[in-house]
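Single-letter residue listing:
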Amino acid sequence: MATPGNKSINAKLVLLGDVGAGKSSLVLRFVKDQFVEFQESTIGAAFFSQTLAVNDATVKFEIWDTAGQERYHSLAPMYYRGAAAAIIVFDVTNQASFERAKKWVQELLAQGNPNMVMALAGNKSDLLDARKVTAEEAETYAQENSLFFMETSAKTAANVKEIFYEIAKRLPRVQPTENPTGMVLPDRSMDRAVSASCCA
Amino acid sequence: MPSRRRTLLKVIILGDSGVGKTSLMNQYVNKKFSNQYKATIGADFLTKEVHFEDRLFTLQIWDTAGQERFQSLGVAFYRGADCCVLVYDVNSAKSFENLNNWRDEFLIQASPSDPENFPFVVIGNKIDVDGGNSRVVSEKKARAWCASKGNIPYYETSAKEGTNVEDAFLCITKDAMKSGEEEEMYLPDTIDVGTSNTQRSSGCEC
Amino acid sequence: MTSSSPSSSDTEFADPDTISEPLQSQLESMNLSGGVTNGSLREEPPSPTSSGYDGGGASEDEIREASVDADTASQHEAAWLPGKRHVHEDDASISWRKRKKHFFILSNSGKPIYSRYGDEHKLAGFSATLQAIISFVENGGDRVNLVKAGIHQVVFLVKGPIYLVCISCTDETYDFLRGQLDLLYGQMILILTKSIDRCFEKNAKFDMTPLLGGTDAVFSSLVHSFSWNPATFLHAYTCLPLQYALRQAAGTILQDICASGVLFSLLMCRHKVISLAGAQKASLHPDDLLLFSNFVMSSESFRTSESFSPICLPRYNPQAFLHAYVHFFDDDTYVMLLTTRSDAFYHLKDCRIRIEAVLLKSNILGMVQRSIAEGGMRVEDLPIDRRQKPSSTNNQGQDTAVGTGGPFGLWHFIYRSIYLDQYVSSEFSPPVTSHRQQKSLYRAYQKLYASMHEKGLGPHKTQYRRDENYTLLCWVTPDFELYAAFDPLADKAMAIKMCNQVCQRVKDVENEVFLQGASPFSW
């Protein structure tokens, strides 16, 4: 609901991270306020949208919840291309998932757009006894790489809304002139021409 | 959800028949019985799990027959091997001399991408036979050969001494992991009509 | 080693004719029951497992065959548990060795990729054994397709660097098992494309198992469908029964969508088609449809929200991914839109909204639920021509008394339209109610199908077969095939007349049970 003086922003947001880190759980908690203990592995990428009102703007997140499975890795650019924001998720009880998260960060920094808002989410913060990655470690890494870090728990909902709010606050208020999601809208006439020649 | 990555390694065991490969393997893998079809098909197959540094390895061990008549199967047997264990009998000079042939033959048939750095390990077996008195290949000589072939790690063992075999396999597991490091292998094609990016496009098959 | 002189034993193993002996002993020592060579029984040696496995103790659990008693097909589908069971088994487990049908996928280096039962990594030794057998035969200049060991059949399929093996004692024919391996391979290609071949070319050490992470449910669901889905051997698809006008309405919007640059549009209800359309000159093979809908139905993640994922259609183009938009309208009804464009998501989302509007306007979703509840054709509903009552003293199956199926002992039928690539099958009714009975009936149909289409001899025109379980009739014409099962004591003449009735009945309702004018192979 845009009020006078209140900006309306569309933001493509992508979640990346190792299998089982909790990407889908975070999204489901944020969008539907639901949580399932044994969340099924995502296939391909699931799409959600959710609108947030921050102080001066209404942000409509177009969220891509990508699969963490190895086979999708080389296809990830399709999902993070043109994204305004990314949440790289790892499981605080799993060192390997933290290492994987670092690789994602490096990949985004190398290929993504320089204005991308990046958040590092240390998920499953509710599992106090099983923790393997300290907050300090993750915080340090985040600072060194110009992203912000938050510990989250999709299960208890701790910091879930907060991480999206923080992203919303950091999104540039000046929208780029192209389609804000960075996607090229298909030209219908071109489609016809293409399919006619291609399948002729 | 995998907390540990699991890696499968194909390990080839080579050496003359009679050097004791099979009892070494049986000892390592803790099997109670010995297999019967090495004679027919040219190899026995064993599986062993190794834990190392929070990683889990499954060793798929190919205990080959060591006879000439199975030589032509080498290409198929050695295909995709991650590492190779060469075994000789310290009481048999011939079995030691043949290590060279086994190594060369393996490199020819398996043709690994980086032959200089392909992980080998040498095991000198039966050190306890006859109280060590019938030993003809000295440890010094064996180590010298190993050093000359790119610093192949060397271990000695006997039917009773199990830990050296474990060490040998742990060593080769580590070496195989190093050489196996991760260049993105799987890069599928997409049919991408109409976008400007450089995805490989295989065209449309209508 | 490098200059070995040929010994006399070399030629012994190179000669294809003598390969069977070592192969037989190999399989025997894998502890499959029995040991038959060319009809002569041999004492099975009390041999150990094919490979030593050290990682835990061997378990000796009882076999728990998943037998479910249910009244309807959909009920027993629900009772079957998705995903891989018995994951802790390996070839040392007696229970593993006693399973009726194993499927394996391995690479040409012998590294395991997939196993229906048990942990792939724990089966590494067994996997190596299979590769050795295949290599051994290839080394002799031959290719192994089938080995029989007692009651077991071992079927091999080589697809480039991928080896697929089925070990079965289910009495299915070689052609059927091979067909199942083909579908298993197709399912793998759907998930990965044939680009995996390149991985093996670049690096023979390539360990493919991680690439199939999270797909156990897809494969187990496919394997399960071999026992209940006739599409897996007919290579045709089936429609949800629906009023002609409703299906037309759905078809029209799907065609519009294809005209807007979408390659294939499919509106599905579980594994049945409501309607489908394709872009000009694009053809969709029923096997691709089967694999695609199996993939979507077996993965819970598609139901959570709309998705956009890479999917390969193996018969359409096995080399590359298409992009699939999937959205569930309710628990059973979903749409799959396929495109070649990676940037088409928002367009497909719009297409879905347009489809939804049509579905709501004509209450198609409601009618779909009603159709599910009512089920399809039933043998009990077939009209009987009273004049055709048998005059013989045969005292069975005349009336549609409850519990005895349809007229003249008709229990079940499958009618396949060749031109349309579609089939319709009757609902299961007493006495064919349990999953086991239904599975057994499908096996009987498969045998019938196999003998009708026997290479070199087929296709035959009609067949009549009776055993202690069924009377089976099969009729093949250029336009259709009919498979019908009757009470084993059914009267032959009446059965034949009943088949005619069935064909007539199908014709009468064809507008409701088939998708007309939209055969995938002839737009």
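Note that the structure is a prediction, hence the values are computed from the model and not measured. Each chain has its residues counted from 1, following the order in which its sequence is written. Note on labels: chains are lettered from A, ligands numbered from 1, in written order. In view of the model being predicted, local features appear only for residues whose pLDDT reaches at least 70, and side-chain atom pairs are presented and counted only at 80 or more, with totals across whole chains, interfaces and linings using the full set of residues. Side-chain measures here rest on the full set of heavy atoms in the structure, leaving out hydrogens and waters.

## Description of the overall build of chain A
No. 1: Secondary structure is summarised from DSSP: a helix means a run of H or I of at least four residues, a strand means a run of E of at least two, and numbering begins at the N terminus for each. Across its full length, chain A carries six helices and six strands.
No. 2: In chain A, the proportion of contacts linking residues at least 24 apart, taken out of those at least 6 apart, comes to 73%. Contacts are assigned to residue pairs with any non-hydrogen atoms lying within 4.5 Å of each other.

## Overview of the overall build of chain C
No. 1: Scanning chain C from terminus to terminus reveals 17 helices and 18 strands.
No. 2: Pairs at least 24 residues apart make up 64% of the contacts formed inside chain C by residues separated by at least 6 positions.
No. 3: Residue-level accessible areas treat just the shown protein chains as cover; the underlying method is Shrake-Rupley with a 1.4 Å probe. Of the roughly 19800 Å² that chain C leaves accessible, carbon and sulfur atoms contribute 50%.

## Focus: the packing of helix H1 (residues 23–32) of chain A against helix H5 (residues 160–170) of chain A
Residue and element names in this part refer to chain A.
No. 1: Where H1 meets H5, the axes come as close as 9 Å, and the angle between the chain directions of the two elements is 85 degrees. It follows that H1 is roughly perpendicular to H5 by the angle criterion. Facing Leu26, Arg29 and Phe30 of H1, the residues of H5 in contact are Val160, Lys161 and Phe164.
No. 2: Put simply, Ala, Val, Leu, Ile, Met, Phe, Trp, Tyr, Cys and Pro go in the nonpolar bin, Asp, Glu, Lys and Arg in the charged bin, and everything else, Gly too, in the polar bin. In the contact of H1 with H5, the residues fall into four nonpolar, no polar and two charged. Simply put, an axis is a line fit to the C-alpha atoms, just over the touching stretch for a helix, and the angle between two N-to-C directions goes from 0 to 180 degrees. The cut-offs work like this: below 35 degrees is roughly parallel, past 145 is roughly antiparallel, 65 to 115 is roughly perpendicular, and the gaps in between are oblique.

## Section: the environment of Leu183 of chain C
All names here are of chain C.
No. 1: Along the chain, the position of Leu183 falls in helix H6 (residues 174–192).
No. 2: The cut-offs for exposure are 20% and 50% of the maximum accessible area for each residue type, with area from a 1.4 Å probe on protein chains only; residues under the lower value are buried, those over the upper are exposed, and the others partly exposed. Looking at Leu183, the relative accessible area reads 3%, which means it is buried.
No. 3: Counting along the chain gives 108 residues from Leu183 to Leu291, while the straight-line C-alpha distance between them is 7.6 Å.
No. 4: When sequence neighbours within four positions are dropped, the list of residues in contact with Leu183 reads Leu222, Phe226, Thr232, Asp287, Leu290 and Leu291.

## Section: the packing of helix H10 (residues 244–259) of chain C against helix H13 (residues 345–361) of chain C
Packed helix pairs are characterised by how far apart their axes lie and by the angle those axes make with each other.
Residues and elements named next belong to chain C.
No. 1: Running from N to C, H10 and H13 cross one another at 165 degrees; their axes reach a closest spacing of 10 Å. Judged on the interaxial angle alone, H13 and H10 are roughly antiparallel. Handedness of the H10/H13 crossing: right-handed. For the pair H10 and H13, the contacting residues are Ala249, Ile253, Leu254, Asp256 and Ile257 in the first and Cys351, Arg354, Ile355 and Val358 in the second.
No. 2: Of the residues assigned to the contact of H10 with H13, the class counts are seven nonpolar, no polar and two charged. Two helices cross in a left-handed way if the nearer one is turned anticlockwise from the farther one by less than a right angle. They cross in a right-handed way if the turn is clockwise.

## Let's talk about the sheet that holds strand S17 (residues 471–476) of chain C
Residue and element names in this part refer to chain C.
No. 1: Think of it this way: DSSP has to see at least two bridges between two strands before they count as a pair. The strand order across the open sheet formed by five strands is S15-S14-S18-S17-S16, and the pairing between neighbours is antiparallel. Edge strands, defined here as strands with exactly one partner in the open sheet, are strand S15 (422–425) and strand S16 (462–466). Direction aside, the axes of adjacent strands within the sheet are offset by 10 degrees on average.
No. 2: Pairing between S17 and strand S18 (residues 480–486): six bridges, direction antiparallel.

## A word on the sheet that holds strand S6 (residues 146–149) of chain C
All names here are of chain C.
No. 1: Read across the sheet, five strands follow the order S5-S4-S8-S7-S6 without closing on themselves; strand pairing throughout is antiparallel. The sheet is open, and its two edges are formed by strand S5 (112–115) and S6, each paired on a single side. Neighbour-to-neighbour, the strand axes of this sheet turn through a mean angle of 15 degrees, independent of strand direction.

## Structural notes on the pairing of strand S2 (residues 45–54) of chain A
No. 1: As paired elements, S2 of chain A and strand S3 (residues 57–66) of chain A share ten bridges and run antiparallel to each other. Following the sheet pairing, Thr51 of chain A is matched in S3 of chain A by Lys60 of chain A.

## Description of empty space enclosed by the protein
Residue and element names in this part refer to chain C.
No. 1: Here a cavity is any set of points on a 1 Å grid over the protein atoms alone where a 1.4 Å probe fits but cannot get out, and a pocket is any open set with protein on both sides within 12 Å along at least 5 of 7 lines; a residue lines the site when it has an atom within 4 Å of a point. Grid points are joined across faces, edges and corners, and a volume is the space filled by probe spheres set on the points. In the structure shown here, the tally under the stated rule is five cavities of 30 Å³ or more.
No. 2: There is about 90 Å³ of room inside the second largest cavity.
No. 3: What lines the second largest cavity is Asn229, Ala231, Ala236, Tyr237, Thr238, His271, Pro286, Leu289, Leu290, Ser293 and Tyr423.
No. 4: Looking at the lining of the second largest cavity, the element that brings in the most residues is helix H11 (residues 286–298), giving four residues.
No. 5: Its residues assigned to classes, the lining of the second largest cavity shows seven nonpolar, four polar and no charged.

## Describing the packing of aromatic side chains
No. 1: Here is the rule: rings of Phe, Tyr and Trp (six-membered ring for Trp) pair when centre to centre is within 6.5 Å. Planes less than 30 degrees apart are stacked, more than 60 are edge-to-face, and the remainder are tilted. Tallying each qualifying case throughout the model produces 44 aromatic pairs over all chains.
No. 2: Plain terms: the ring middles of Tyr445 of chain C and Tyr483 of chain C are 6.2 Å apart, the flat faces sit at 70 degrees to each other, and that makes the pair edge-to-face. Taken together, the positions of Tyr445 of chain C in helix H15 (residues 435–452) and Tyr483 of chain C in strand S18 put the pair 38 residues apart, joining distant regions of the chain.
No. 3: Using a relative accessible area of 1% as the deciding quantity, one classes Tyr483 of chain C as buried.
No. 4: Through a chain of ring-to-ring contacts, the aromatic side chains of Phe47, Trp64 and Tyr79 of chain A together with Phe308, Tyr325, Phe345 and Tyr346 of chain C assemble into a single cluster.
No. 5: For the cation-ring pair, Arg99 of chain C lies above Tyr117 of chain C, with the distance from its terminal atom to the ring centre recorded as 5.0 Å. The rule is short: NZ of Lys or CZ of Arg within 6 Å of the ring centre and within 35 degrees of the ring normal puts a charge over the ring.

## Thoughts on the state of the cysteines
Residue and element names in this part refer to chain B.
No. 1: Cysteine sulfur atoms that come within 2.5 Å of each other are treated as a disulfide pair. Inspection of the entire model under this criterion finds zero disulfides over all chains.
No. 2: Cys84 takes part in no disulfide bond, and the closest cysteine sulfur, belonging to Cys83, lies 7.9 Å away.
No. 3: Given the relative accessible area of 0%, Cys84 is considered buried.

## Regarding the UniProt feature "domain: FUZ/MON1/HPS1 second Longin" (unreviewed entry) in chain C
No. 1: Within the UniProt annotation, "domain: FUZ/MON1/HPS1 second Longin" (unreviewed entry) is assigned to residues 261–354 of chain C.
No. 2: A helix fraction of 29% and a strand fraction of 36% characterise residues 261–354 of chain C, whose end C-alpha atoms lie 15 Å from each other. UniProt positions are given in the numbering used here, feature names are shortened, and annotations may be inferred rather than shown by experiment.

## A few points about the nonpolar core
Residues and elements named next belong to chain C.
No. 1: Take the buried residues of types Ala, Val, Leu, Ile, Met, Phe, Trp, Tyr and Cys, join any two whose side-chain atoms come within 4.5 Å, and each joined set is a nonpolar core. In this structure, Ile162, Met188, Met208, Leu266 and Phe292 are the most contacted members of the largest nonpolar core, which totals 95 residues.
No. 2: Broken down by element, this core gets its largest block of residues, eleven residues, from H6.
No. 3: Among residues more than four places away in sequence, those in contact with Leu266 are Ser275, Leu276, Leu284, Leu289, Phe292, Tyr334, Val335, Met336 and Leu338.

## Concerning the side chain of Ser168 of chain C
Residues and elements named next belong to chain C.
No. 1: Assignment of secondary structure puts Ser168 in strand S8 (residues 162–168).
No. 2: Only 2.6 Å separates the side chain of Ser168 from the side chain of Thr170, close enough to count as a polar contact.
No. 3: Apart from residues lying up to four places away in sequence, Ser168 is in contact with Lys100, Lys101, Ile151, His152, Gln153 and Leu177. Counted as a polar contact is a pair of N or O atoms within 3.5 Å, where, for protein atoms, one must be capable of donating a hydrogen and the other of accepting one, and residues adjacent in sequence contribute only when both atoms are in side chains.

## With respect to the environment of Phe264 of chain C
Residue and element names in this part refer to chain C.
No. 1: As for its position among the elements, Phe264 is in strand S9 (residues 264–269).
No. 2: According to the relative accessible area criterion, Phe264 is buried, its value standing at 1%.
No. 3: Placed 16 residues apart in sequence, Phe264 and Gln280 show a C-alpha to C-alpha distance of 9.8 Å.
No. 4: Setting aside residues no more than four positions away along its own chain, Phe264 makes contact with Cys258, Ala277, Gly278, Ala282, Ser283, Leu284, Leu313, Tyr316, Met336, Leu337 and Leu338.

## Things to note about the pattern of salt bridges
Close approach of charged atoms allows side chains with opposite charge to pair.
No. 1: Any carboxyl oxygen of Asp or Glu that lies within 4 Å of a side-chain nitrogen of Lys or Arg is treated as forming a salt bridge with it. Under the counting rule described, the total for this entry stands at 30 salt bridges over all chains.
No. 2: Among the ionic pairs, Asp104 of chain B bridges to Arg103 of chain B, the shortest N-O distance being 4.0 Å.
No. 3: With a relative accessible area of 11%, Arg103 of chain B lands in the buried category.
No. 4: Here Glu306 of chain C and Lys349 of chain C are joined by a salt bridge, their closest N and O atoms 3.1 Å apart. In this pair, Glu306 of chain C sits in the loop between helix H12 (301–304) and strand S11 (307–311) while Lys349 of chain C sits in helix H13, placing the two residues 43 residues apart along the sequence. For the residue pair Glu306 of chain C and Lys349 of chain C, the accessibility class agrees, reading buried in each case.

## Quick look at the confidence of the model for chain A
Residue and element names in this part refer to chain A.
No. 1: Taken residue by residue, chain A gives an average pLDDT of 87. The fraction at 70 or more is 84%.
No. 2: pLDDT gives the predictor's per-residue confidence on a scale running from 0 to 100. Mean pLDDT values for the elements of chain A range from 39 in helix H6 (residues 188–198) up to 98 in strand S4 (residues 85–91).
No. 3: Between residues 179–200, whose pLDDT stays under 50, and residues either more than four places distant or in other chains, the model counts 34 contacts.

## Considering the side chain of Thr209 of chain C
No. 1: Tracing the chain through its elements places Thr209 of chain C in the loop between helix H7 (196–202) and helix H8 (216–225).
No. 2: In this view, Thr209 of chain C contacts Pro112, Ile113, Glu120 and His121 of chain C; residues no more than four positions away in its chain are not counted.

## Focus: the confidence of the model for chain C
Residues and elements named next belong to chain C.
No. 1: For chain C, per-residue confidence averages 80 on the pLDDT scale, and residues scoring 70 or more make up 77% of the total.
No. 2: Counting interchain partners and residues more than four positions distant, the pLDDT-below-50 stretch residues 1–19 has 24 contacts.
No. 3: In the model, residues 388–395 has pLDDT below 50 throughout and makes twelve contacts with residues more than four positions away in sequence or in other chains.
No. 4: In the predicted complex, the global pTM is 0.85; the interface-specific ipTM is 0.86.

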